[in-house]
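Structural description and commentary
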Amino acid sequence: MLVSVAWVREMCPCDATAGRIAEILTSRGLTVDTVIGDPSSAEAVLDVDVPANRPDCLGHRGIARELSAATGVPLARVPSPPAPAGGPVDQAVSVEIAAPEHCARYTARLVRGVRVGPSPPWVVRRLEDCGLRALDNVVDASNLVMLALGHPVHFFDLARLRGPRVIVRAARPGELLTTLDAVERKLDAADLVIADADRPLALAGVMGGADSEISIDTRDVLIEAAWFDPVTVRRTARRHGLHTDASHRFERGCDPEAPLAAQDLACRLLADLAGGVPAPGVLDVHPSPRRPRSLSLRMSRIARLLGYDPGASATESALSALALAPRRIDHDRFEVDVPSYRVDLETEADLVEEVARHIGYDQVPARVPAPTGSPASGTTHPLEERCRDLLAHAGFLEMFSYAMVAVGEDDPFVPPGTRAPLKLTNPIAEPLTCLRRSILPGPIAAAGLNARRAARSQRLFEVGRVFLPGENPGEFPEEVLRAGAVWGGPVRTPHWSEPHPPAVGFADLAGLVERALRGMVPGVDWTVRPHALPGLHPGRTAAWFGEHGDPLAWGGCLHPDLRARLEFADDLWLCEIDLDALARSTGASTAQTALPRVPAVVRDLSVVLAPDASFADLTATLERVPAPAPATFDAVDRYEGPPLGAGEAALTVRVCLQPLERSLEEDAIEGYRRGLIDALSSSGLGRLRA
Amino acid sequence: MREELARIELDFDRDLAEAAGDPDKVEALRVRVLGRRGTLTALMKGLGALPAEQRRDAGRWVNDLKQRVEERLAGAADLAARAARAAELRVGALDVTLPCRLPEVGSLHPVTHARRDLERIFLEMGYSVERGPEVEDDFHNFQALNLPPDHPARDAADTFYLEGGLLLRTHTSPVQIRTMTTRRPPIRMVCPGRVYRRDWDATHLPMFHQLEALVVDEHISIADLKGTMEAVWSRFFKTKITTRLRPGYFPFVEPGCEYDVSCPRCGGGGCRVCKQSGWLELGGAGMVHPAVFEACGVDPERWTGFAFGLGIDRIAMTRFGIEDLRLLMEGDARFLRQFPV
């Protein structure tokens, strides 16, 4: 809220400069964001950040009260209303509250004989200081009342009221009202309106209607000063997409005792600015008057919450300065009366804050609480940080991306048939519309950005959650922790010793995945199988299936169509690791195995693999051949091309026999080798290379 | 005899001087003198033919000479070998000023660095690290935190809502609720995590990172809050930090405050980092509101607690001197590479 220092100093005649007042207010929880103008003068304007619980400070009077509490300078008297004349208000108009649950009080006064015209310069200036534009003397008077007291008032042109009567009632469903902003609004039964005998005139506490608006011809003004239920006003304002100065105040809670003071000030201003004369009497319909609120405050509680005892006399003077009328009940206890404008003071803790705020938090000492016996273990993910370290140590750069993606952006990276993503009802931008089900879109987008910025090599990763929707709407999604990496360009950073390293390939990606899996869960086992995802090259993709049959990780080469669409010059390799699935894996013992005492026997087998036969198929076949010692198989060379047939591959398989105790006899080795060759030829997977 | 020995020695010394530095020539000289047909070998063979009385002296002279020759040969051979190795080593010296080949080293996001430092400090102080869902319900994100439906302070939250009624958490405070409803006090916990607000401009991102600390025990006060913050921030910034509390409003704390720390760069004198104010605004804090305790089934008469929060992104920016918030989310490798693991 913009606060005119000059106006506040009229209300609390202290001699503090604007800068000093800004300091005082900030130290009391009314943070002054900026001082507009010369801080050493009394003319500046303060931009005050009024917290949502202090609607009493949404007017200059409330700011002045804080200043008075801080400085001890008493508040100035409010100007008295002008003398009334003419027929009393209750003969001219009647007021009825038909919805008392939404309107606890409605007051009305009548001012006759106004002359609508421009406001004097001081009014224009004051309104402008406070961020409002001057319109005419009558409208300006209503704004001045709101800015002075923080209590909105509304003016009706009496001549436009049918009846003439005012009824505060719920709107009839479908009823129409054209508001002051010239929008015709269809009302809802939950809207509260001010109506006359025939039709709605205003959205209560939010905005007036065009029909009863003050015009150049207005002579008699009916002043409304009321108290509307905060929730009702808030809901109506939201429903109609209106946030007005009035609704802002009513929905935070206005002072139920303020309407009469607002009436007095409005009459004074209409008389001074527009020559109006108030009619005798006030219509004050007050179905549920506010009950005075008393609270008790224990000194022991203050000491317990603040960590020190400010003493009874300092407490008492703080409470007095804040107009809380403290009474000492016993050695520990005060009782206070909460002024009607302090809607925020509801509990003892609120009073402790008032005392602390007034005395100053700088009085509070500092100490560190002693630790408890044994700290709790916490609920962090067991693999999250380890995964970050592994990928970073593998040369990848950690990045962050939004958990929200554009509609369809993650489709290429989830299995077809995956439930549709959770959608935001109020996205902030089209690219951030629904919650990701794969972590890959973010790293891919970042790789695109880096490629456009001329980076040759892409090595990025992100660790974060993806959101898998449940079966039913409104159900919590499953939040799964995933790691995703993108890798493109040369496999190693080019260097003068190796200016042209080979490009990243599937084996590099698989190496990254497997190193990460074993690095997180030592000894974890898996099966690698091709694994199609729409966004990946169908012949260059795989998944690592864990012991429970669910994939621990998957990845491959970005599909050429997608690569073209995203304008990547080189192949981009991607992988996604499911850290939750991995955390459910048990891994294996990491105990050391005894070193063999005899040398291993190594034999190479040159094989031509048939089309579609895989290395895994081959080793599965070879593993079934009874071996004279534990055997392992490795691929040491691979070749495709002439003179081999299409789809065939020449593969050199290195067989390593590692006896544990005794060296192997040559006969046994040769017999095993023949067994391997026989198994190969009867499997149909390939043939021995000539 | 003696004359002949003297001549042999003279010739040997001359030849050795000539051969110096060349291991092959030294070896050839050795063969000429001490080899099977070497000059000295021949003399030694001839000793047997001398009369017995001459033989003793002659043998001594020859042996002395042989010993001297052997010593000089060994020394020369050693010298020559060293010279040859030195010549060898002069070839193929490397240009050590060429750029080295670094192992591929990656990096961690600056927010990860800052978060880990903070977590470590809290873990050392006996806190647990907790996490909770990023998709939350109204109860945990608002109602249990003393923000009933239609509370005006909900406006400040700029909430993203999901179809079906859930929402993206606007702060990490719901983790406090989840912890207090599942664990009895005393509690010392921090909850770092991603939070979401519908706000996107030069100084706000729709997703950012918060960390909140919560301590609940029988005698916790604002003094503990102040001391804890000073301890944490002094360790984080590795310099003595003082804190300043200003009254502030957060519905889930009462008394509530905003807190500033003395600028870690200038120590309070005023600099670019603190915009000449000497202070950095870091976040909100306060004593847990009795209504929050009640929502979690914790007796507010027996237990008191403090909580404070901070934006990890801002802390990381302060620590690393990052001025443009957008860099944090862009994924530019040139930026990310500056924070090696």
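Residues numbered from 1 in each chain as written. Chains lettered and ligands numbered in written order. Predicted model: local features only at pLDDT ≥ 70, side-chain atom pairs only at ≥ 80, totals over all residues.

Things to note about the overall build of chain A
When its secondary structure is counted, chain A shows 19 helices and 31 strands. In terms of overall dimensions, chain A is more spread out than a globule: its C-alpha atoms have a radius of gyration of 40 Å, far above the 26 Å expected for 690 residues. Once the C-alpha set of chain A is aligned to its principal axes, its extents read approximately 130 × 60 × 50 Å. Across the 690 residues of chain A, 43% fall into the buried class. (Helix = DSSP H or I, 4+ residues; strand = E, 2+ residues; numbered from the N terminus. Rg over C-alpha atoms; globule rule 2.2 N^0.38 Å. Buried ≥ 20, exposed ≤ 12 C-beta atoms within 10 Å, placed from the backbone.)

Remarks on the nonpolar core
Counting residues in each nonpolar core, the largest one holds 183 residues, and the members touching the most others are Leu46, Leu391, Leu460 and Ala485 of chain A together with Phe306 of chain B. Looking at this core element by element, the count peaks at 7 residues for strand 5 (residues 207–217) of chain B. In this structure Leu460 of chain A touches Phe396, Leu397, Met399, Pro443, Ala446, Ala447, Ala485 and Val486 of chain A together with Gly331 and Ala333 of chain B, once residues within four positions along its chain are discounted. Core analysis: the second largest hydrophobic core is formed by 66 residues, Val153, Ala170, Ala226 and Leu269 of chain A among them. (Core = buried A, V, L, I, M, F, W, Y, C linked by C-beta atoms within 7 Å. Contact = placed C-beta atoms within 7 Å.)

Side note on the interface of chain A and chain B
Of the residues lining the interface, 81 residues belong to chain A; the matching set on chain B comes to 73 residues. A per-element tally of the side of chain A that touches chain B places helix 12 (residues 348–359) of chain A first, with 6 residues. Residue composition of the side of chain A that touches chain B, by class: 41 nonpolar, 21 polar and 19 charged. (Nonpolar A, V, L, I, M, F, W, Y, C, P; charged D, E, K, R; others polar.)

Observations regarding the domain arrangement of chain A
Interfaces are often described in size by the accessible area the parts lose on coming together. The domain boundaries assigned to chain A delineate domain 1 (2–71), domain 2 (89–285), domain 3 (294–362), domain 4 (384–583) and domain 5 (601–688). Taken over C-alpha atoms, the centre of domain 2 of chain A sits 37 Å from the centre of domain 3 of chain A. (Domains from an automatic or database assignment.)

Some remarks on the sheet that holds strand 9 (residues 304–311) of chain B
All names here are of chain B. Strand order in the open sheet formed by 7 strands is 1-4-5-9-8-7-6, with mixed pairing between adjacent strands. If you trace the sheet from one side to the other, it starts and ends with strand 1 (128–129) and strand 6 (243–247), each paired once. Relative to strand 8 (residues 279–288), strand 7 (residues 253–262) is paired through 8 bridges, and the arrangement is antiparallel. Each residue of the ladder has a partner; that of Glu258, found in strand 8, is Gly284. Sitting on the sheet, helix 8 (residues 222–237) is in contact with strand 5, strand 6, strand 7, strand 8 and strand 9, with an inclination near 35° to strand 9. (Pairing = 2+ DSSP bridges. Axes fitted to C-alpha atoms, helices over the stretch in contact; angles between N-to-C directions.)

Some thoughts on the domain arrangement of chain B
Its domain assignment divides chain B into domain 1 (2–90) and domain 2 (110–336). Relative to domain 2 of chain B, the C-alpha centre of domain 1 of chain B lies at a distance of 90 Å.

Things to note about the packing of helix 2 (residues 23–34) of chain B against helix 3 (residues 39–46) of chain B
Residues and elements named next belong to chain B. For the pair helix 2 and helix 3, interaxial distance at closest approach is 3 Å and the crossing angle is 20°. With respect to helix 3, the element helix 2 is oriented roughly parallel. Touching Arg32, Val33 and Leu34 of helix 2 are Thr39, Leu40 and Thr41, all from helix 3. Looking at the contact of helix 2 with helix 3 residue by residue, the class counts come to 3 nonpolar, 2 polar and 1 charged. (Parallel < 35°, antiparallel > 145°, perpendicular 65-115°, else oblique.)

With respect to helix 15 (residues 506–520) of chain A
Residue and element names in this part refer to chain A. The end-to-end C-alpha distance of helix 15 is 21 Å, a good match for the 21 Å that 15 residues give at a rise of 1.5 Å each. Along helix 15, the residues classified as buried are Leu509, Leu512, Val513, Ala516, Leu517 and Met520. Around the axis of helix 15, the buried residues are gathered within 125° of arc, so they sit on the same side. If you follow the buried residues of helix 15, they end up packed against helix 13 (384–393), strand 23 (478–488), strand 25 (536–545), strand 26 (551–558), strand 27 (572–578) and helix 17 (579–583). (Expected span 1.5 Å × (residues − 1). Arc of directions from axis to C-beta.)

Side note on the environment of Gly126 of chain B
Among the secondary structure elements, Gly126 of chain B is positioned in the loop between helix 5 (110–124) and strand 1. Taking C-alpha positions, Gly126 of chain B is 9.9 Å from Ile187 of chain B, a pair spaced 61 residues apart along the chain.

Describing the environment of His154 of chain A
Residues and elements named next belong to chain A. The residue His154 is located in strand 6 (residues 154–157) in this model. Residue His154 is classed as buried on the basis of its 23 C-beta neighbours within 10 Å. Those residues within four positions of His154 in sequence are excluded, and the remaining contacts are Ser142, Ala202, Gly208 and Glu224.

What to know about the environment of Pro259 of chain A
Residues and elements named next belong to chain A. In this structure, Pro259 sits in helix 9 (residues 259–274). Exposure remark for Pro259: the 26 C-beta atoms within 10 Å place this residue in the buried category. Distance in space between the C-alpha atoms of Pro259 and Val153 is 8.2 Å, their sequence separation being 106 residues. Those residues within four positions of Pro259 in sequence are excluded, and the remaining contacts are Arg105, Thr107, His151, Ala225, Ala226 and Trp227.

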